[in-house]
Amino acid sequence: MNAANDIRILGWHPDYQPHFERLNKAWISKYFKLEPVDYAVLENPYGHIIATSGDIIFVAIGNQIVGTVAYRPESADTVEMTKMAVDESFQGRKLGWALGKAIVERAAEKGFAKMVLYSSRKLAPAINMYYKLGFEEVPVGDVEYERCDIKMALSLQQPPLAALARDLKELVLQMEVRLLQFSEEEAAARPAPDKWSRKEILGHLTDSALNNYPRFIRAQQNAVLEAPGYDQDFWVEARQYGREDWHELVQIWKSVNLHIVKLLPLIPSEALGNILVIGANAPATLEFWANDYLRHHQHHLQQIFPVHANY
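Everything numeric here is computed off the predicted structure, so don't read it as measured data. (Residues numbered from 1 in each chain as written. Predicted model: local features only at pLDDT ≥ 70, side-chain atom pairs only at ≥ 80, totals over all residues. Heavy atoms only, no water.)

> What is the right way to look at the sheet that holds strand β10 (residues 284-285) in this model?
In a beta sheet, neighbouring strands pair by backbone hydrogen bonds and run either parallel or antiparallel. Taken in spatial order, the three strands of this open sheet run β8-β9-β10, and their pairing is mixed. Every interior strand has two partners, whereas the edge strands, β8 (224-227) and β10, have only one. Across four bridges, β8 lies against strand β9 (residues 275-278) in parallel orientation. By the bridge assignment, leucine 225 is partnered in β9 with leucine 276. (Pairing = 2+ DSSP bridges. Helix = DSSP H or I, 4+ residues; strand = E, 2+ residues; numbered from the N terminus.)

> Which parts of the structure should I look at to understand unusual backbone geometry?
What is expected of a backbone is that most residues other than glycine have negative phi and most peptide bonds are trans. In the Ramachandran plot, lysine 83 falls in the positive-phi region, its phi being about 55° despite a non-glycine side chain. As for its position among the elements, lysine 83 is in strand β4 (residues 78-86). On the basis of relative accessible area, lysine 83 is assigned to the buried category, the value being 6%. Non-glycine residue glutamine 240 carries a positive phi angle of around 55°. A relative accessible area of 27% means that glutamine 240 is categorised as partly exposed. (Buried < 20%, exposed > 50% of the residue type's maximum accessible area, 1.4 Å probe, protein only.)

> How do you make sense of helix α5 (residues 124-133) when you look at a structure like this?
Given 3.6 residues to a turn, an α-helix orients residues that are three or four positions apart in the same direction. Residues of α5 that are buried include every one of Ile127, Met129, Tyr130 and Leu133, and no others. Angular distribution of buried residues about the axis of α5 spans 160°; they occupy a single face of the element. Among the exposed residues of α5, those pointing more than 90 degrees away from its buried face are Pro125 and Lys132. Along its buried surface, α5 packs onto β4, α4 (95-109), β5 (114-119) and β7 (150-155). Just downstream of α5 lies glycine 134, where phi reads positive at about 110°. (Arc of directions from axis to C-beta. Contact = heavy atoms within 4.5 Å.)

> I tried to follow the environment of tryptophan 97 on my own but got confused; where do I start?
For tryptophan 97, the position within the fold is in helix α4. In sequence terms tryptophan 97 and tyrosine 130 are 33 residues apart; their C-alpha atoms lie 8.6 Å from each other. If we ignore the near neighbours within four places in the chain, the residues touching tryptophan 97 are Met129, Lys132 and Leu133.

> What is the right way to read α4 from this model?
For α4, with 15 residues, the first-to-last C-alpha span of 21 Å sits near the 21 Å given by 1.5 Å per residue. For α4, the full list of buried residues reads Leu95, Gly96, Leu99, Gly100, Ala102, Ile103, Val104 and Ala107. Just downstream of α4, glycine 111 is the residue with a positive phi angle, here 95°. (Expected span 1.5 Å × (residues − 1).)

> Sorry, what's going on with the packing of aromatic side chains here?
Aromatic rings in a pair are described by how distant their centres are and how their planes are angled relative to each other. One pass over the full model with this rule turns up 11 aromatic pairs. For the ring pair phenylalanine 288 and tryptophan 289, a centre distance of 5.3 Å and an interplane angle of 75° mean the geometry is edge-to-face. Judged by its relative accessible area of 11%, tryptophan 289 is buried. Connected via pairs of aromatic rings, a cluster forms that spans Trp12, Tyr16, Phe20 and Phe58. One Lys or Arg, lysine 122, reaches over the ring of phenylalanine 32 and ends 5.3 Å from the middle of that ring. Residue placement shows arginine 178 over the ring face of phenylalanine 305; its charged tip is 4.0 Å from the ring centre. (Phe/Tyr/Trp six-rings, centres within 6.5 Å; stacked < 30°, edge-to-face > 60°. Lys NZ or Arg CZ within 6 Å of the ring centre and 35° of its normal.)

> Where do I start with the nonpolar core in this structure?
Side chains of nonpolar character tend, in soluble globular proteins, to be buried together. Leu179, Leu202, Phe216 and Leu264 are the most contacted members of the largest nonpolar core, which has 44 residues in total. Elements with a contribution of two residues or more to this core: α6 (162-179), α8 (198-218), β8, α10 (246-263), β9 and α11 (286-304). If you tally residues by element for this core, the top one is α10, at eight residues. With near-sequence residues (within four places) excluded, leucine 179 lies in contact with Leu202, Trp246, Val250, Trp253, Ile304 and Phe305. Counting 29 residues, the second-largest nonpolar core is a separate cluster that includes Ile61, Leu99, Met115 and Leu133. (Core = buried A, V, L, I, M, F, W, Y, C linked by side-chain atoms within 4.5 Å.)

> Could you clarify how one ought to interpret the sheet that holds β7 in this entry?
Spatial strand order, β1-β2-β3-β4-β5-β7-β6: seven strands in an open sheet with mixed pairing. Where the open sheet ends on each side, the last strands, each with one partner, are β1 (7-10) and β6 (136-138). Within this sheet the neighbouring strands show an average axis-to-axis angle of 30°, counted without direction. Examined bridge by bridge, β5 and β7 share six bridges and lie antiparallel to one another. Counterpart to serine 119 in the pairing with β7 is isoleucine 150. Helix-sheet contacts for α4 involve β1, β2 (55-61), β3 (64-73), β4, β5 and β7, and the interaxial angle to β4 is about 155°. (Axes fitted to C-alpha atoms, helices over the stretch in contact; angles between N-to-C directions.)

> I keep staring at the pattern of salt bridges and nothing clicks. Help me out?
A side chain of one charge can pair with a side chain of the opposite charge when the charged atoms of the two come close. Summed over all chains, the structure comprises 18 salt bridges. Across the pair arginine 8 and aspartate 6 runs a salt bridge whose closest N-O atoms are separated by 3.7 Å. Residue arginine 8 is classed as partly exposed on the basis of its relative accessible area of 32%. Accessibility expressed as a relative area gives 23% for aspartate 6, which makes it partly exposed. Aspartate 38 is the partner of lysine 83 in a salt bridge, and the nearest nitrogen-oxygen pair spans 3.3 Å. Taken as a pair, lysine 83 in strand β4 and aspartate 38 in helix α2 (residues 36-43) lie far apart in primary sequence, 45 residues in all. (Salt bridge = Lys/Arg side-chain N within 4 Å of Asp/Glu carboxyl O.)

The values reported here are purely geometric and, on their own, carry no functional implication.
Below, the structure is given as structure tokens:
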């Protein structure tokens, strides 16, 4: 492996304190002036962060530590992201993004409900990255840094179907690459006269997405919802998926599923117990059908890729 591309996230170790101090003093001195609170925290991060149930992480490329970020508790359920710094010679490699995602995940895993940060509008690229991480601007209030003119906050409480949405998105994006490796002939070929081709299987999964999307919406409005089923063979034949351009079909399938990916985290927890009856199927909760949607996809993709694959 090329050491220049060996990017690793490292946890706190006392030996890394000089890097924490070096990286942060460099960027603060470049844009602002070091304040008393900076010296206190940077020269004794253990006492000000680790010992107060906070956390400090680093990013390394090869054997070089080139970035860092921390969080420290503000209250029982809220932490402050603080002291993010990336070595100037390594900027532009999305290392700040990697650090931001990692520190957010670590705080969420510890059970904190909210993360805040204090920054300066002068640092426009950093502010833009925080927005992309999901932070939103909130009133500044009282701050301990003279340079601070913006406060941002992020909820660390994950929606109940957030993990399912991530799994579905990962599956779709991974499979898109593999599906496009089939030629038109390979995608259209039927393994047997009574078996669907790859085009028809993917067409069926597209039909499934188009049918399940309104179910997932309507089931949120009703404690019990009866939704029609559909004749999957008729739908596949009526749409003539076997004649569809393979690349276009893959993109249609991808698009409708990413539409569902966006919907799943928005379903409130109180709606997950609503009962959904689909055609002649036994009644089940909305949460069951949402998870079954992913299982259904995995089942049919294993038909397209009959040799076992790690999805």
